[in-house]
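Listed below are the residues making up each chain.
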Amino acid sequence: MKRIISVLLTITITITLCAFSFASVSADENDVNASGEGLKYQIEADGTATVIDHVKSDEYYVAIPRYFEGHMVTRIGKRAFANKFYVSSVTIPDTVKEIDSEVFAVCINLKSINIPKSVVTVQNNAFANSCIETATFEDGTTVIPDYMFSGCGSLKSVQMPETVKQIGYWSFANCKNLRLEALPPYLEKLSRNSFAGCAEIGPQLVIPKTFKETDIDAFMLTGIKKVVFEDGIEVIPEYALSGTEKLEEVVIPDSAKVIKNNAFMSCEMLKYVYIPASVVEYGTMGIFPNNPELSIWGYFNTAAEQYAANENINFVVIDKNMGDVNMDGRLSIHDATDIQKSIAELTYFSEGVNKMADVNGDGVVSILDAAFIQKQLLQQ
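Predicted model, so just to flag it, every value in this text is computed and none were measured.

Rules used in this analysis
Residues numbered from 1 in each chain as written. Predicted model: local features only at pLDDT ≥ 70, side-chain atom pairs only at ≥ 80, totals over all residues. Heavy atoms only, no water. Pairing = 2+ DSSP bridges. Helix = DSSP H or I, 4+ residues; strand = E, 2+ residues; numbered from the N terminus. Salt bridge = Lys/Arg side-chain N within 4 Å of Asp/Glu carboxyl O. Buried < 20%, exposed > 50% of the residue type's maximum accessible area, 1.4 Å probe, protein only. Core = buried A, V, L, I, M, F, W, Y, C linked by side-chain atoms within 4.5 Å. Contact = heavy atoms within 4.5 Å.

Q: Teacher, can you tell me more about the sheet that holds strand 21 (residues 258–259) here?
A: For sheets, the rule is that strands pair by backbone hydrogen bonds, running either parallel or antiparallel. Taken in spatial order, the three strands line up as 19-21-23 in an open sheet, and their pairing is parallel. Both edges of this open sheet fall to strand 19 (235–236) and strand 23 (281–282), since each of them pairs with a single strand only. Pairing between strand 19 and strand 21: two bridges, direction parallel. When the bridges of strand 21 are listed, Ile-236 appears paired with Ile-259.

Rendered as structure tokens:
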């Protein structure tokens, strides 16, 4: 009897070990495991886990865990949530470093997403054809990855923290409904086509004083008409606003010293550029487009005036034309009337004209400036 029991135990142990061995081989061969939360994973060679699918159609709110069976979840695989129209919320943990292509494609009920600062790589079209409308990046994020929301036509607003220093290649390209109130205040770099095709961006944008570098066409096919560089910036970098084809007006602050090559390349509608006396160095390879309507506004006997002469660009001397806001070469009652219309917001003055309208030099365009012109005319 004991012998029979011993044999049975041996057979049972052997079967158990074989089953365990088979299960282990199966996991190694398939590298796929399904959790009880509707998610499928792939275990990578380095021991990390990748989310590859969501299979629970009655689970609307998905929280991706930080770990699956001891494996850190670091990646969301290609098309993992694609066409999951029922999903309305996805929580991404701070272990995820990569979001693959088309992960959230055609997720029509997913309206918002929070991106942890751990995400450093995003493949093209990760959110294309989704219905994401708002996106928030975690505080501490320093780089918005390449292709982050490229092709996400439904995206309307993005919250980027002050910590962001770089916006990547094609990060928001073709987000045609995106409205951008301001760039991150300590932004240093814009990559190629960062906001290309974002037609709703504009009409005015402030470039922060920390801005140091950009690639071509960062704002191509946007609605930006006026750009103000924040006081404190010293160098207008190469390709700063290149390809911003609707740009009409640029204001450069008194802190600026250098304007580099191709800063305003292909800005074919550019008409007014205010350049202070502080700018003494100009790129030699061409800064402005060949636009006969372009005027540089500046001060008499400055490097700006000399540059305009060398490049055959019309130069408007501000301190010799104070009050002549209609630029007909003489001071008249029409100038006073135009100033009053500007105060009443019935007409729009460019930054250069606005400086000329401040006849009494108090830093504010007011009825006093119009009155000053009228007084001058009475004394003639």
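Q: Could you clarify how one ought to interpret the pattern of salt bridges in this entry?
A: A side chain with one charge can pair with a side chain of the opposite charge if their charged atoms come near. Tallied over the entire structure, the rule returns nine salt bridges. One salt bridge in this structure joins Glu-98 and Arg-75, with 3.8 Å as the shortest N-O distance. Here Glu-98 is found in strand 8 (residues 98–99), whereas its partner Arg-75 is found in strand 6 (residues 71–76), with 23 residues between them in sequence. Overall, the relative accessible area of 24% leaves Glu-98 in the partly exposed class. One salt bridge connects Glu-200 with Arg-179, and the closest N-O pair in it is separated by 3.9 Å. Of this pair, Glu-200 sits in the loop between strand 15 (189–190) and strand 16 (204–207) while Arg-179 is found in the loop between strand 14 (166–167) and strand 15, placing the two residues 21 residues apart along the sequence. Using a relative accessible area of 36% as the deciding quantity, one classes Glu-200 as partly exposed.

Q: What's the story with the nonpolar core in this structure? I'm lost.
A: Nonpolar side chains tend toward joint burial in soluble globular proteins. Phe-81, Phe-149, Phe-172, Phe-195, Phe-229, Phe-264 and Phe-288 are the most contacted members of the largest nonpolar core, which totals 85 residues. Among residues more than four places away in sequence, those in contact with Phe-172 are Phe-137, Ile-144, Phe-149, Leu-155, Val-158, Met-160, Ile-167, Leu-178, Ser-194, Phe-195, Ala-196 and Cys-198. Ranked by size, the runner-up nonpolar core spans 16 residues in total, among them Val-316, Met-356, Ala-370 and Ile-373.

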